[in-house]
There are 2 protein chains.
Amino acid sequence: MLTNTEENYIKAIYHLSVDNKTVRTNAISEVMNTTPASVSDMLKKLSDKSYIYYEKYQGVSLTKKGKTEALQVVRKHRLWEVFLVEKLNFNWDEVHEIAEQLEHIQSKLLIERLDDFLDNPTSDPHGDPIPNAKGEMPVLRQVLLSELEVNGKAKVMGMKEHSPAFLQYLDKLGISIGSAVKVTDRVVFDASVELKVNDKKTMVVSHEVAKNILVSPID
Amino acid sequence: MLTNTEENYIKAIYHLSVDNKTVRTNAISEVMNTTPASVSDMLKKLSDKSYIYYEKYQGVSLTKKGKTEALQVVRKHRLWEVFLVEKLNFNWDEVHEIAEQLEHIQSKLLIERLDDFLDNPTSDPHGDPIPNAKGEMPVLRQVLLSELEVNGKAKVMGMKEHSPAFLQYLDKLGISIGSAVKVTDRVVFDASVELKVNDKKTMVVSHEVAKNILVSPID
DNA sequence: AAAGTAATTTAGAGGGATCTAAACTTAGGG
DNA sequence: CCCTAAGTTTAGATCCCTCTAAATTACTTT
């Protein structure tokens, strides 16, 4: 049985593990808001319990066991976020703190019941995928922003065009990977798209631009 | 800000405070599953923070501040129990452990939203009253078991008749204060009542008996 | 009212999580 | 290729909660 803190460390390591690179002590201390010294202590403990591979001064990575654990925490966090937004009418940007607490509630049965109650969602309100009970990440279907129906919400996953001009333009609009977008209207005349970014800014982009933005619909 | 443990102690003291008598160290250690020594330590701390009145060797009682705190925890616990039973289809006797964890989630807003989502219930699945946001306990309406409609659920609150014969009879039936009862049928001929006790045993009691059992309906 | 027993508190210690300060390792720049 | 700066670990301490064992207080019983 893991303590809340141990779960948080494992989750942090999971989120910091991009492209199989080893995760550094300082990076962990930053996201956890602790000192590197505290992280070192904890890494030793997690290594003893075989949740991570750890070589002094070389950074860490999750073992199979650690990854399984991390995915369960992520699953719980994201399911609770869906609950807060869908059922309790929270805004998608208000739910993180509360889900940070709820994710540590221990009860397998509770999570399965919650999952059913929420109709087994595959992504959370931010558009992030929800691992299933076995810890498998669903493959999110991706479409072009130009293909999203009116009132459809989605999360920006990437761009098809990579020219500096295009990227700078998106930057100016405030659109980046991870942005939440909602199509509010589509102009029939030229297929340009009116959308809301991160629930705040409303703007119009041309069909040409929309065709180059990959998004993942949020049910 | 209270720790989970402090909240649990305060809640325990609250539940042990019947008829204004002082609560003893041993009693607390028993319900908390700790040693009296641990309790003594904690009492000193809670006293320093003015949640309790505490004189060595004399037992403790809650201050205004402590009582307010206790009622908030009780409110959260009972609201979550309603959620688990009403929304996630748990059985009323499976929810306590999980609610013990959920009651410590910190977010005023969450609890108010949950309360609304559940249609502001006044009692939990066990029939215990739910304090409102100000910490006021609702006065539960009490009726006689003989007056409860068919399919009505209620909690046994007390008896009108106190003769040993009557009490022994109830004992044999497995009916006591706190029992959950559900009226499954009423015989028109003699108004005797068929009921289920604690979701398990089904039995029939005469109208005469039903007239002497006070119950509080669970919505 | 004294003695014995039960309840309670204190003393001392340990595990978990954190910190600061100091020591150590790694890697990049001169 | 060495040296320094950045990154990391160790040492030593603190806070929270718990324990066991010993000391103290309160209560009961004769």
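Here is what the cut-offs are and how they apply
- Each chain carries its own residue numbering, running from 1 in the direction its sequence is written.
- Throughout, the order in which chains and ligands are written sets their labels, letters from A for the former and numbers from 1 for the latter.
- Only residues with pLDDT of at least 70 get local features here, since the model is predicted, and only at 80 or more are side-chain atom pairs given and counted; chain-wide, interface and lining totals rely on the full set of residues.
- The side-chain figures draw on all heavy atoms in the structure; neither hydrogens nor water molecules are used.
- Least squares is the method for superposing the copies, and the C-alpha atoms it fits come from residues with pLDDT of at least 70 in both.
- Residue contacts follow a heavy-atom distance rule, with two residues in contact if any of their heavy atoms lie within 4.5 Å.
- Two parts placed together each lose some accessible area under a 1.4 Å probe, and adding up what both lose gives the buried area.
- Whenever Lys or Arg places a side-chain nitrogen within 4 Å of a carboxyl oxygen from Asp or Glu, that contact is recorded as a salt bridge.
- Pairing of N or O atoms within 3.5 Å defines a polar contact, subject to two protein rules: one partner must be a possible hydrogen donor and the other a possible acceptor, and residues neighboring in sequence count only if both atoms are side-chain atoms.
- Helix and strand definitions here come from DSSP, where helices need a minimum of 4 consecutive H or I residues and strands a minimum of 2 consecutive E residues; each element is numbered from the N-terminal end.
- Segment limits for the domains were obtained from an automatic or database-derived domain assignment.

1. Considerations on the relation of the copies chain A and chain B
Turning one copy of the chain about an axis and sliding it along that axis gives the other copy, so a rotation and a shift relate them.
Next, step 1: Between chain A and chain B, the superposition needs a rotation of 180° and an axial shift of 0.0 Å, giving an RMSD of 0.1 Å. What the superposition gives is, in effect, a two-fold axis relating one chain to the other. Taking the C-alpha atom as reference, chain A places Leu102 of chain A closest to the rotation axis, 3.8 Å from it.
Next, step 2: When the interface residues of chain A are mapped onto chain B, 100% of them again lie at the interface, so the same face is used by both copies.

2. Focus: the interface of chain A and chain B
It is common to report an interface's size as the accessible area lost on association of the parts.
Next, step 1: With 20 residues of chain A at the contact, the number on the chain B side is 20 residues.
Next, step 2: In total, about 1,600 Å² of surface goes out of reach between chain A and chain B, with carbon and sulfur atoms giving 74% of it.
Next, step 3: Area buried by chain A at its contact with chain B is led by Leu88, Gln101 and Arg113 of chain A, which between them contribute 31% of it.
Next, step 4: Counting across the chain A and chain B interface gives zero salt bridges.
Next, step 5: Our count for the contact surface shared by chain A and chain B stands at six residue pairs in polar contact (both at pLDDT 80 or more).
Next, step 6: Secondary-structure elements contributing two or more residues to the side of chain A that touches chain B are α4 (64–87), α5 (96–102) and α6 (108–117) of chain A.
Next, step 7: Considering each element in turn, the side of chain A that touches chain B owes the most residues, five residues, to α6 of chain A.

3. Quick word on the domain arrangement of chain A
Next, step 1: Considered domain by domain, chain A is made up of domain 1 (4–62) and domain 2 (143–218).
Next, step 2: The straight-line distance from the C-alpha centre of domain 1 of chain A to that of domain 2 of chain A is 36 Å.

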